[in-house]
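Remarks on the overall topology
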Amino acid sequence: MTDITGLDAAFFRRWLTVAGTAVDREADRLTELDSAIGDADHGANLKRGFAAVRDVLDKEPPETPGAVLVAAGRQLISTVGGASGPLYGTLLRRTGKALGDSATVTREQLAAALTAGVGAVAQLGGAQVGDKTMLDALVPAAEALGESFEAAREAAERGALGTVPLQARKGRASYLGERSIGHQDPGATSSALLVAALAEVAAG
Amino acid sequence: MTDITGLDAAFFRRWLTVAGTAVDREADRLTELDSAIGDADHGANLKRGFAAVRDVLDKEPPETPGAVLVAAGRQLISTVGGASGPLYGTLLRRTGKALGDSATVTREQLAAALTAGVGAVAQLGGAQVGDKTMLDALVPAAEALGESFEAAREAAERGALGTVPLQARKGRASYLGERSIGHQDPGATSSALLVAALAEVAAG
Amino acid sequence: MRMLINVPETVVADALRGMAAAHPELTVDVEHRVVLRRDAPVAGKVALVSGGGSGHEPLHGGFVGPGMLAAACPGEVFTSPVPDQMVRAAAAVDSGAGVLFVVKNYTGDVLNFEMAAELAEDEGIQVAKVLVNDDVAVTDSLFTAGRRGTGATLFVEKIAGAAAEEGAPLERVEAIARRVNERSRSFGVALSACTTPAKGSPTFDLPEGELELGIGIHGEPGRERRPMMTSGEIADFAVDAVLEDLQPSGPVLALVNGMGATPLLELYGFNAEVQRVLTERGVPVARTLVGNYVTSLDMAGCSVTLCEADEEMLRLWDAPVQTPALRWGR
Amino acid sequence: MRMLINVPETVVADALRGMAAAHPELTVDVEHRVVLRRDAPVAGKVALVSGGGSGHEPLHGGFVGPGMLAAACPGEVFTSPVPDQMVRAAAAVDSGAGVLFVVKNYTGDVLNFEMAAELAEDEGIQVAKVLVNDDVAVTDSLFTAGRRGTGATLFVEKIAGAAAEEGAPLERVEAIARRVNERSRSFGVALSACTTPAKGSPTFDLPEGELELGIGIHGEPGRERRPMMTSGEIADFAVDAVLEDLQPSGPVLALVNGMGATPLLELYGFNAEVQRVLTERGVPVARTLVGNYVTSLDMAGCSVTLCEADEEMLRLWDAPVQTPALRWGR
Ligand SMILES: Nc1ncnc2c1ncn2[C@@H]1O[C@H](COP(=O)(O)OP(=O)(O)O)[C@@H](O)[C@H]1O
Ligand SMILES: Nc1ncnc2c1ncn2[C@@H]1O[C@H](COP(=O)(O)OP(=O)(O)O)[C@@H](O)[C@H]1O
Ligand SMILES: [Mg+2]
Ligand SMILES: [Mg+2]
Ligand SMILES: [Mg+2]
Ligand SMILES: [Mg+2]
């Protein structure tokens with residue numbers, strides 16, 4: 001359970017399960033968004049990835065928060081493909097690594113680890129805030145998580161909505177130039193879903 | 001001119017010119033009919049053929065009715081292709097041959113020659129009246145021409161309309177089996193156009 | 001009109017010019033509409049000549065070359081070529097050993113090739129003809145123009161072409177061609193209609209979620225319309241339709257053919273289902289060819305052709321062929 | 001959804017099963033999604049490995065075989081494959097002479113191949129990478145993910161593959177691959193959108209009578225929408241877009257590529273116009289390839305790729321190749 005003193009492996013497994021359910025529910029919407037400025041596969045990609053994550057966590061549930069995220073990240077890398085596979089995979093893996101091997105972690109520790117994970121995503125993809133990518137949701141979310149889960153959820157949601165007026169400079173949407181303006185980024189949208197799942201699980 | 005005593009080469013050239021104009025005007029309709037129960041080319045086929053006929057008759061106008069029809073028929077065979085090319089080509093060639101080399105012919109002579117031409121079409125294509133082909137317009141027209149040009153026009157028109165309820169047994173439309181019922185045969189329709197052109201020229 | 005063309009009137013001439021530029025190994029006579037083997041006539045060898053309406057590419061022009069056709073005559077879109085083309089082609093490729101006309105069974109093709117054969121014989125060319133009529137979707141052939149020639153044309157042209165290349169005399173090449181046709185059957189399915197340049201809109205109206213079973217290759221509707229089926233169900237239906245008419249005692253050649261707009265990804269997936277059905281029905285498969293070979297412009301759909309192949313036919317199938325669309329061995 | 005499929009989830013696996021049945025000369029590992037040369041690893045020879053999202057067939061699986069790719073890794077439709085596939089492929093084909101990854105420049109492909117290269121190197125495999133980025137429709141590459149890899153992939157795989165087959169060492173194969181890419185440019189046009197199995201409806205809405213200029217191969221809209229143009233006008237536009245960026249001083253290789261649903265008849269006609277424009281611009285053409293090679297599912301449209309070819313590149317282009325989709329010489 002979401003003990004005030006610390007978040008355990010079960011908490012993280014629950015997060016990824018709830019996130020997977022959210023992805024399943026919103027898959028068509030994510031694909032629809034990706035269809036407007038990408039290649040119409042973002043929903044299917046994450047659905048496939050989170051189904052595989054669920055499988056691996058069910059089969060041999062890792063016993064620390066760090067191990068849960070590392071295993072999930074690896075699984076995303078091995079099953080998603082596309083841009084989001086390595087990026088989300090790296091996000092979870094590097095966040096997990098930063099958590100070390102303690103049995104429970106605090107929200108503050110998670111916020112710091114997530115910041116490291118988001119940094120790894122930025123480095124891998126070479127993008128920064130404002131490029132109309134998942135970073136537009138992830139960066140503010142990691143920052144706000146220092147405050148509260150709910151603040152993180154709101155920041156991610158705001159970040160995702162904030163991609164609408166932006167012109168994409170990374171990923172497929174960038175090929176469209178100005179025609180990418182006016183559409184919400186699918187990756188930022190899925191990031192907001194993941195953070196919302198986190199807040200939901202934290203809320204109990 | 002349409003002299004009461006006889007139809008000369010100029011009459012037949014005029015017939016083919018007027019027929020060509022009618023084909024140009026109705027080409028889309030013929031193609032539309034062929035699209036329903038065939039392969040959507042009948043209009044284009046005849047347009048191409050009659051344009052070629054016009055060219056050859058303009059360049060070296062033959063001097064007898066028979067020679068006009070033989071030259072036109074040859075030209076159709078050489079430029080139309082499909083089923084209608086050999087069939088209409090044979091119709092004109094064999095009608096022309098039956099007219100012999102007199103400088104003028106009577107309507108009665110034409111009716112007899114056309115009957116021979118239509119017979120050649122039936123032999124070549126192996127079809128008979130009721131098979132939902134051009135013969136359904138041509139056979140009654142040739143017969144009625146013994147009476148008058150106008151009777152021939154009416155008979156051809158009636159024959160073409162009469163193909164609607166028929167199930168095709170020859171040509172592409174036969175592949176459709178019962179689904180060919182309810183559509184007017186494109187070849188019978190173009191035959192009616194050609195006979196109407198003849199009546200129009202005869203009417204002066 | 002989603003077409004990559006200039007004007008409908010010039011599509012065939014334009015395509016021939018483009019083909020000439022892409023295939024210097026062929027002689028493309030754009031004016032007279034004949035595609036020829038560069039080295040024709042080949043001394044002592046029978047020459048295969050085929051042709052038909054355009055819109056089925058790579059059939060027939062893409063099958064011209066050593067080991068297959070000596071010449072192809074492209075007509076207007078979906079319109080059989082005219083006798084003048086066939087006579088010209090026959091004269092250009094005849095080495096004295098004779099010419100085999102490969103004719104798909106359509107009224108137009110039959111009549112025009114018949115006229116051409118008469119004219120070519122008048123010019124002293126020995127001509128034999130084989131009629132391809134493999135499409136089992138056309139039933140009651142007494143009350144129709146008879147079965148259409150579709151996918152089996154490829155088998156006939158390849159196998160008889162190999163026999164000609166080996167130096168077989170005209171009667172033998174003709175006999176083999178006839179045997180291939182007799183042992184071949186096809187069935188086709190459309191997921192969409194096609195659009196001819198002359199008409200500029202689909203040849204029939206097929207609502208989303210429905211398909212046409214038993215179509216030919218000229219954009220004509222099929223025998224029956226059904227709600228959409230899966231690839232596996234379509235394979236069951238098509239293979240069974242073929243096997244109802246052909247009970248092969250030995251291994252078959254299989255052609256899993258695309259009608260033009262069906263992606264190769266889907267065709268390969270469809271092939272997996274075709275192979276499954278054949279295995280279930282106990283039919284061994286000797287060779288399989290998957291691709292867009294006998295097409296119907298931009299129609300989405302597929303056809304299955306099976307040919308019960310004896311050892312000679314298999315040997316000739318495997319023999320070298322060097323054409324734009326079919327190429328192996330040497 | 002006019003698709004010849006069972007369910008969207010299995011299209012890639014289904015296609016691989018069908019490919020395995022049709023091509024006994026390849027090893028198709030359906031479970032792990034790798035298509036391999038039957039005779040891999042080939043002693044002493046560098047092995048080319050490529051891959052990318054499915055939906056572009058015959059790219060890449062159809063280019064596996066002697067003289068071209070040693071292995072291909074198909075991802076889901078329009079989704080780059082995962083590192084596991086590439087590592088498995090590299091391990092299977094490496095003879096010790098090293099592996100060249102041919103990577104089309106998309107974020108997903110780049111990231112997954114990068115991860116794979118690291119992992120393969122951990123396993124002691126020498127890996128080099130070449131990025132293909134030929135699509136001139138992507139401008140301002142500073143503010144984008146950079147030019148997309150499209151038609152030039154075929155040139156890179158064929159020419160570098162021939163160099164590998166000749167026994168050139170990894171650095172030379174890599175250098176040639178890089179040179180081919182640097183001298184190649186492409187431009188694509190869509191007459192219709194495509195439909196992915198996962199989405200089931202067209203990826204964008206293109207009204208009749210309009211076209212998209214500057215499209216990629218993933219169903220993304222282009223840079224610009226225009227009223228329908230003739231084949232000649234499209235050729236002018238596409239060739240000029242390419243030549244604006246590539247001023248060849250010598251002869252070029254030309255690929256006139258169909259996006260999937262454009263009939264070969266139209267493609268050949270389009271090629272005639274491409275050749276006309278090249279002649280008008282004074283660009284000599286050494287070789288031309290016309291066909292559906294780098295496709296985008298059932299998209300109607302075309303692309304033009306030109307590669308300024310030196311003598312070595314031409315020699316390697318002409319060298320024998322034995323793959324399902326490209327096959328000549330021996
Ligand atoms: N360089 C990058 N850095 C960060 N995020 C990126 C980058 N490129 C793409 N993305 C994110 O990935 C999302 C697309 O993911 P997805 O559709 O699964 O992959 P693909 O673009 O390969 O089809 C985009 O909406 C964007 O948020
Ligand atoms: N065996 C036949 N005998 C007489 N007329 C025929 C026969 N077969 C077809 N036709 C006629 O030809 C017409 C079709 O002509 P056309 O569309 O130009 O040729 P194709 O069917 O080769 O495309 C049919 O509507 C029919 O009237
Ligand atoms: Mg995407
Ligand atoms: Mg017709
Ligand atoms: Mg026709
Ligand atoms: Mg993708």
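Predicted model only: the values in this text are computed from it and were never measured. (Residues numbered from 1 in each chain as written. Chains lettered and ligands numbered in written order. Predicted model: local features only at pLDDT ≥ 70, side-chain atom pairs only at ≥ 80, totals over all residues. Heavy atoms only, no water.)

Considering the overall build of chain A
Heads up, the rule is: Strands are runs of DSSP state E lasting at least two residues, helices are runs of H or I lasting at least four, and both sets are numbered from the N terminus onward. As defined in this context, the radius of gyration uses C-alpha atoms, and a globule is described by 2.2 Å times the residue total to the power 0.38. Between buried and exposed lies partly exposed: a residue is buried under 20% and exposed over 50% of the maximum accessible area for its type, with that area taken using a 1.4 Å probe on protein chains only. Throughout, the Shrake-Rupley method with a 1.4 Å probe supplies accessible areas, and for residues the shown protein chains are the sole cover considered. By the counting scheme adopted, Arg and Lys are positive, Glu and Asp are negative, and His together with the chain ends is not counted. In this description, the location of a charge corresponds to atom NZ of lysine, CZ of arginine, CG of aspartate or CD of glutamate.
Secondary structure summary: chain A contains eight helices and two strands in total. For chain A, the N- to C-terminal ordering of α and β elements is β-α-α-α-α-β-α-α-α-α. Against the globule reference of 17 Å for 204 residues, chain A gives a C-alpha radius of gyration of 16 Å, in line with a compact fold. Every one of the 204 residues in chain A was classed for burial, and the buried ones make up 56%. Accessible surface, chain A: about 7,900 Å² in total, of which carbon and sulfur atoms supply 52%. Here chain A contributes 20 positively and 25 negatively charged side chains, and the mean placements of these two sets differ by 4 Å.

Notes on the overall build of chain C
For the record, the criterion: By definition, residues are in contact when any of their heavy atoms lie within 4.5 Å.
Tallying secondary structure elements over chain C gives eight helices and 14 strands in all. When its C-alpha atoms are laid out on the principal axes, chain C stretches across 55 × 50 × 40 Å. Burial status across chain C gives 67% buried among its 330 residues. Across chain C, the fraction of contacts at a sequence separation of at least 24, relative to all contacts at a separation of at least 6, is 73%.

Observations concerning the site of ligand 1
To keep things clear, this is the line we draw: Residues are counted as near a molecule or strand when any one of their heavy atoms sits within 4 Å of it. Any pair of N or O atoms that falls within 3.5 Å is considered a polar contact. Within protein, one atom must be able to donate a hydrogen and the other to accept it, and sequence-neighbouring residues count only if both atoms are side-chain atoms. Each residue gets one of three labels, nonpolar for Ala, Val, Leu, Ile, Met, Phe, Trp, Tyr, Cys and Pro, charged for Asp, Glu, Lys and Arg, and polar for the others, Gly among them.
Residues in close proximity to ligand 1 total 21 residues, the closest being Asp39(A), His42(A), Ala83(A), Ser84(A) and Asp185(A). More than a single chain frames ligand 1: its nearby residues are located in chains A and D. Between an oxygen atom of ligand 1 and a side-chain N or O atom of Asp41(A), the distance comes to 3.0 Å. In the environment of ligand 1, an oxygen atom lies 3.0 Å from a nitrogen or oxygen atom belonging to the backbone of Met134(A). Relative to its free-state accessible area of 560 Å², ligand 1 is covered by the protein chains to the extent of 96%. Breaking the shell around ligand 1 down by element, the ones donating at least two residues are helix H2 (42-59), helix H4 (84-99) and helix H8 (186-203) of chain A. The biggest single contributor to the shell around ligand 1 is H8(A), with three residues. Taken together, the residues of the shell around ligand 1 break down into six nonpolar, nine polar and six charged.

Structural notes on the sheet that holds strand S12 (residues 301-308) of chain D
Residue and element names in this part refer to chain D. Quick reminder of the rule: Strands are labelled as partners when DSSP assigns at least two bridges between them. Each axis is a line fitted through C-alpha atoms, and for a helix only the stretch in contact is used; angles between axes span 0 to 180 degrees, taken between their N-to-C directions.
The six strands are arranged S9-S8-S7-S12-S10-S11 in an open sheet whose pairing can be described as mixed. Of all strands in the sheet, those bounded by a partner on one side alone are strand S9 (224-227) and strand S11 (285-291). Across the sheet, the mean angle separating the axes of adjacent strands is 20° when strand polarity is ignored. In this sheet, S12 lies alongside strand S7 (residues 184-190) in antiparallel orientation, the contact comprising seven bridges. Paired with Arg185 across the bridge in S12 is Leu306.

Quick notes on the relation of the copies chain D and chain C
The condition that has to hold: In this comparison the copies share one frame, found by least squares on the C-alpha atoms of residues holding pLDDT of at least 70 in both.
Mapping chain D onto chain C calls for a screw motion: a turn of 180° about the axis and a shift of 0.0 Å along it, with 0.0 Å RMSD after fitting. Those values place the two copies in the arrangement expected of a two-fold rotation axis. Relative to the rotation axis, the C-alpha of Ala261(D) is the closest in chain D, positioned 2.0 Å from it. In this assembly, 100% of the residues forming the interface of chain D have copies in chain C that are likewise at the interface, indicating an isologous arrangement.

A short note on the coordination of the magnesium ion (ligand 4)
Residues and elements named next belong to chain B. In plain terms, the rule: For Na, K and Ca the donor cut-off is 3.2 Å; for every other metal, N, O and S atoms count as donors within 2.8 Å. Water does not enter the count, which can leave sites looking incomplete.
Around the magnesium ion (ligand 4), the protein supplies Asp34 (OD), Asp39 (OD) and Asp41 (OD) as donor atoms, at distances of 2.0 to 2.2 Å. In the primary sequence, the donor residues of the magnesium ion (ligand 4) line up as D-x4-D-x1-D. The metal-metal distance between the magnesium ion (ligand 4) and the magnesium ion (ligand 5) comes to 3.5 Å, with Asp39 coordinating both. Comparing Asp39 with Asp41 shows no difference in burial state: the two are buried.

A short note on the arrangement of the chains
When the three pairs of chains in contact are ranked by number of contacts, first place goes to chains C and D. One finds no contact linking chain A with chain C; the least C-alpha distance across the pair is 17 Å. One finds no contact linking chain B with chain D; the least C-alpha distance across the pair is 17 Å.

A word on the nonpolar core
Going by this rule: In this text, buried Ala, Val, Leu, Ile, Met, Phe, Trp, Tyr and Cys residues form a nonpolar core when linked through side-chain atoms within 4.5 Å.
The biggest cluster of nonpolar side chains holds 209 residues, and the ones touching the most others in it are Leu154(C) and Leu154(D). Not counting residues within four places of it along the chain, the set of residues in contact with Leu154(C) comprises Phe63(C), Met68(C), Leu255(C), Leu289(C), Tyr293(C), Trp317(C) and Leu326(C).

Topic: the pattern of salt bridges
Residues and elements named next belong to chain A. This is how the line gets drawn: Counted as salt bridges are all cases of a side-chain nitrogen of Lys or Arg within 4 Å of a carboxyl oxygen of Asp or Glu.
Summed over all chains, the structure comprises 70 salt bridges over all chains. Ionic pairing is found between Arg54 and Asp24, a salt bridge with its closest N-O pair at 3.6 Å. Here Asp24 lies in helix H1 (residues 9-37) and Arg54 lies in helix H2, a separation of 30 residues in the sequence. Owing to a relative accessible area of 28%, Arg54 belongs among the partly exposed residues under this scheme.

Observations concerning the packing of H2(A) against H8(A)
Residues and elements named next belong to chain A. Operational definition: For any pair of crossing helices, the crossing counts as left-handed if the nearer helix is rotated counterclockwise from the farther one by less than a right angle, and right-handed if it is rotated clockwise.
H8 packs onto H2 with a crossing angle of 35° between their chain directions and a minimal axis gap of 10 Å. The interaxial crossing formed by H2 with H8 has right-handed handedness. Across the interface between the two elements, His42, Leu46 and Phe50 from H2 touch Pro186, Gly187, Ser190 and Leu194 from H8. Classifying every residue of the contact of H2 with H8 by side-chain character gives four nonpolar, three polar and no charged.

A few points about the interface of chain B and chain C
Inclusion rule: Buried area is calculated as the accessible area (1.4 Å probe) missing from two parts once they are joined, with the contributions of both summed.
Between chain B and chain C, the contact holds 31 residues from the first and 35 residues from the second. Taken together, the two surfaces of chain B and chain C that pack against each other cover about 2,500 Å², and 56% of this comes from carbon and sulfur. The largest contributions to the chain B side of the interface with chain C come from Arg172(B), Tyr175(B) and Arg179(B), which together make up 27% of the buried area. One can count two salt bridges joining chain B with chain C. A salt bridge links Arg179(B) to Glu212(C), with the nearest nitrogen and oxygen atoms 2.9 Å apart. Viewed at the interface, chain C and chain B are joined by 12 residue pairs in polar contact (both at pLDDT 80 or more).

Digging into the interface of chain D and chain C
Interface size, as often reported, equals the accessible area lost upon joining of the parts. Facing 53 residues of chain D, the contacting portion of chain C comprises 53 residues. Both sides together, the interface formed by chain D and chain C hides about 4,500 Å², and carbon and sulfur atoms give 60% of it. When the area that chain D buries against chain C is broken down by residue, the three leading residues are Arg2(D), Leu4(D) and Leu265(D), summing to 21%. Put simply, chain D and chain C have two salt bridges between them.

Considering the pairing of strand S3 (residues 47-54) of chain D
All names here are of chain D. With eight of eight residues buried, S3 lies mostly within the body of the structure. Judged from the four bridges that link them, S3 and strand S5 (residues 99-104) form a sheet pairing that is parallel. Its bridge partner being in S5, Val49 is matched across the sheet by Phe101. With five bridges connecting them, S3 and strand S4 (residues 71-77) associate as parallel partners. Counted as the bridge partner of Ser54 is Val77 from S4.

Section: the environment of Asp245(D)
Residue and element names in this part refer to chain D. Here Asp245 shows up in the loop between helix H6 (231-243) and strand S10 (252-258). Residue class for Asp245 comes out partly exposed when judged on its relative accessible area of 31%. Asp245 sits 66 residues away from Arg179 along the chain, and the two C-alpha atoms are 15 Å apart. Those residues in contact with Asp245 that lie beyond four places of it in its chain are Val136, Arg147 and Arg185. Among the polar contacts made by the side chain of Asp245, one reaches the side chain of Arg185 at a distance of 2.7 Å.

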